Structure formats: C-alpha cells, structure tokens
Amino acid sequence: MQQRRIGAFTVSSIGLGAMPSSMNEDKRYPSREEAIATVQAALDAGVTFIDTADVYAPAWNEMGHNERIVRDALRSWEGDTSGVLVGTKGGITRGEGETWGRDGSYEYLRAAVQRSMEALDVEVIDFYQYHRPDRWMVYGDVMGNLLRLQQEGLIRAIGISNASVEEVAIAQQVLGDGNLAAVQNQFSPKYPGSYGELRYCEQHGIAFLPWSPLGGTGGGGRGVGDRFGVFREIGDDHGVSPQQVVLAWELALSPVVVPIPGARRPASIADSAKAADLTLSADEIARCSAAVGIVD
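Reading guide: rules and limits
Throughout, a residue's number is its position along its own chain's written sequence, starting from 1. Two thresholds apply to this predicted model, a pLDDT of at least 70 for residue-level local features and 80 or more for giving and counting side-chain atom pairs, whereas whole-chain, interface and lining totals are computed over all residues. To get the side-chain values, take all heavy atoms of the structure and skip hydrogens and water. To qualify as a helix, a DSSP run of H or I must reach at least 4 residues; to qualify as a strand, a run of E must reach at least 2; elements of each kind are numbered from the N terminus. What the globule rule says is 2.2 Å times the number of residues to the power 0.38, and the radius of gyration is computed from C-alpha atoms. Accessible area is worked out with a 1.4 Å probe on protein chains only. A residue is then buried under 20% of its type maximum, exposed over 50%, and partly exposed in between. Contact definition: two residues touch when any of their heavy atoms are within 4.5 Å. Surface exposure here means Shrake-Rupley accessible area, sampled with a 1.4 Å probe, where a residue is shielded only by the protein chains that are shown. We define a nonpolar core as any set of buried Ala, Val, Leu, Ile, Met, Phe, Trp, Tyr and Cys residues linked to one another through side-chain atoms lying within 4.5 Å. For two strands to count as paired, DSSP must find a minimum of two bridges between them. Salt bridges, as used here, are contacts in which a Lys or Arg side-chain nitrogen is within 4 Å of a carboxyl oxygen on Asp or Glu. Comment: axis = line fitted to C-alpha atoms, over the contacting stretch for helices; angle = value between 0 and 180 degrees taken between N-to-C directions. Here a pair means two rings of Phe, Tyr or Trp (six-membered ring of Trp) with centres within 6.5 Å. Their orientation is stacked below 30 degrees between planes, edge-to-face above 60, and tilted elsewhere. Cation placement over rings: the criterion is NZ of Lys or CZ of Arg within 6 Å of the ring centroid and within 35° of the ring normal.

Draft legend 1. Structural detail: the overall build of the protein chain. The number of helices and strands found in the protein chain is 11 helices and 11 strands. In terms of C-alpha radius of gyration, the protein chain reaches 18 Å, essentially the compact-globule figure of 19 Å for 296 residues. Taken along the three principal axes of its C-alpha coordinates, the protein chain extends 55 × 40 × 40 Å. Here the protein chain, with 296 residues, has 57% of them falling under the buried criterion. Considering only contacts within the protein chain whose residues lie at least 6 apart along the sequence, 74% involve residues at least 24 apart. Element-wise, carbon and sulfur atoms account for 47% of the exposed surface of the protein chain, whose accessible area totals about 12400 Å².

As structure tokens, this is what we get:
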C-alpha cells in the first residue's frame, strides 16, 4: 500500500477508523470477535494506522471500550505490529446518565492519557489527539498542556481534531515548529467544509486525517454513490465501488491526506483499503471535486 506521513511516523495511505465497532449512529454493534476481526482485516490489507478514542464506547461507563478492542486485535494478530501506529484521542468527558462535556485542563488530560495507556496496554502513547475544543479554555493553554504531557514522556506525537485554521495556527505556535503531527477533521463529499484546513495543512506539511470520509456511520457512506452519482459512474468505469472512488479522490487532493474510513465489518475495510491502488485521471478528480462544490 502507498505510504504517507503522520509526524515522524510512516503509515499506510488509508487508515482505519475503529469507532463504529463501539459507537455509531444506529447503535448496532458487532460482537467483540467480529470487531477484532475487522481490525485484523485492516492489518491484513496493509493498513498501518488505526484511529480510536477513549470516548468511543456503547455507554458512559464503558469508556476505553474501543481502545481495548484495538489492543486485543493487535495482541492476537499473527503478523508483525511493530510498524502499526495507533492514534487515540481525549478531551471529551462522558459521565453518568450520558452527560457530555469538554475538558482541556492539564489535570484531566493527564488522567485521560493514563487511562488510555492502560486500555491500550502501552507505556507511552505514540500519537495523541485533542478531540474537541473546550470553549471555556484558551486554545493555546490547552496546547500548552499537551506539550507538557509530551515533555513528560507520556505521548510522542501530538494531533488536534475538529480544529479551524486559526486553531491549527495556534497549535503550531505553541507546540513549536514541526511538532503538530496532524489535524483530524470531518471531510467527505457530504461535508467538504474543511477543505480550507486541508489546504492549510498541505502548505505547512501537516497530515490531514478526514474522519467519516465516506459520509458517516448512519448510511451516509453506504449511499454516497446514490447521493453523488459521479462516484458511482467512475466506479463503474473502473469496476470498483463508489466508496473506493471517494477515498481515491481524497487521496488525490493532497499528499498529506490520510483518510480513516470507519468499519465494523471486515469486508468494509478490505474494500476501502483497495482505494490506495486506484489511480484517477485529472478529469475524474476534477469531476469529483465539482460534484461536491470544491473549486480551487
């Protein structure tokens, strides 16, 4: 599979969003065995980047659920996992009765990192991402908290999620030159609004990780070829799924893009991974961009 960069790490150009096995819009979850099989199917297909988060869980009292699935899948896979990068996230709170919030304080993030280390069974988290902004805090202060955790040796690479261009610039300034590894924002044909952040990341050599790159877990991904017919038409021309075309188009937008399609079935990620080998023509890329309203 093609390789791309997340900070100092070399990863597959297509990653796996592990969230749907523990949290999704229709609340239908695979068995633990199938969830593990899905992660391992990604590994079998050459995927070497897996994205998870502490908050991905069926219920508030099961925090770390998805991280533990990823841990157990890596433990039981028969291949070499030394080159696999696991990225997790923190900063969203979830409490009794499904009360949700945000907390970017040093105390909370440090405790969250330690819980994630335990769930993933690691002594240091290779790639830690700030999940969503705590609007009660100054963004630069939160970045300072992440930098402190890095300096303490608890995390290696730092990423941010759901960030504006302004917040990306703040993160760069606080973390230091080259120390912001990635930005993970929602981006897909259905939600192209982070195209500006994608281009900013390209200009500054920061990996851009589209979450829900096919349109979401509630059927948006399955129906992308119906809503945007150009992806189905191009897929028919190549003999592949419209989902593969979407991912290949996103990869073609910039060398910093690493889509992380979600999957809760082995067949889904096996199909998505094939997008890394799909080359679209300049005309096909332009047709896809025009269909979703992107014009450079």
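Draft legend 2. Main features of the nonpolar core. With 55 residues, the main nonpolar core has Met143, Ile160, Phe231 and Trp249 as its most contacted residues. Top contributing element to this core by residue count: helix α9 (residues 242-253), with 7 residues. In contact with Phe231, other than residues within four places in its own chain, are Pro189, Pro242, Val245, Val246, Trp249, Cys288 and Val292. Residues Leu16, Ile50, Val86 and Ala273 belong to the second largest nonpolar core, which totals 20 residues.

Draft legend 3. Main features of the pairing of strand β1 (residues 3-6). Judged by which residues are buried, β1 turns out to be one-sided: Arg4 and Ile6 face inward and are buried, whereas Gln3 and Arg5, on the alternate face, are not. As judged from the 4 bridges shared by β1 and strand β2 (residues 9-12), these two strands associate in the antiparallel manner. Looking at the pairing, Arg4 lines up with Val11 of β2. Counting the residues in the hairpin turn of β1 and β2 gives 2 residues, including Gly7, whose phi is positive at 60°.

Draft legend 4. Spotlight on the pattern of salt bridges. Counting across every chain of the model gives 14 salt bridges. Notably, a salt bridge pairs Arg32 with Asp72, separated by 2.8 Å at the nearest N-O pair. Taken together, the residues Arg32 in helix α1 (residues 32-44) and Asp72 in helix α2 (residues 65-76) connect sequence positions 40 residues apart. For Arg32, a relative accessible area of 32% translates into the label partly exposed.

Draft legend 5. Fine view of the sheet that holds strand β10 (residues 180-186). Strand order in the open sheet made by the 7 strands is β3-β4-β5-β8-β9-β10-β11, with parallel pairing throughout. Looking at which strands have only one partner, the edges of the open sheet turn out to be β3 (16-17) and β11 (207-211). Here strand β8 (residues 125-130) pairs with strand β9 (residues 155-161) via 5 bridges, running parallel. Directly across from Tyr130, in β9, lies its bridge partner Ile160. Sheet strands in contact with helix α5 (residues 165-175) are β9 and β10, and its direction is about 160° off that of β10.

Draft legend 6. Structural context of the packing of aromatic side chains. Under the criterion given, the structure shown has 7 aromatic pairs. The interplanar angle of 85° and the centroid separation of 6.2 Å between the aromatic rings of Phe187 and Phe208 together place this pair among those described as edge-to-face. Of this pair, Phe187 sits in the loop between β10 and α6 (195-204) while Phe208 sits in strand β11, and the two are 21 residues apart along the sequence. By the burial criterion, Phe187 is buried, and Phe208 matches it. Taking 6.0 Å as the distance between ring centres and 20° as the angle between the ring planes, the aromatic pair formed by Phe187 and Trp249 counts as stacked. Taken as a pair, Phe187 in the loop between β10 and α6 and Trp249 in helix α9 lie far apart in primary sequence, 62 residues in all. The class of Trp249 is buried, set by a relative accessible area of 0%. Members of the aromatic cluster, each reached through a chain of ring pairs, are Phe187, Tyr195, Phe208, Phe228, Phe231 and Trp249. Positioned above the aromatic ring of Tyr106 is the side chain of Arg148, whose terminal nitrogen or guanidinium carbon lies 3.6 Å from the ring centre.

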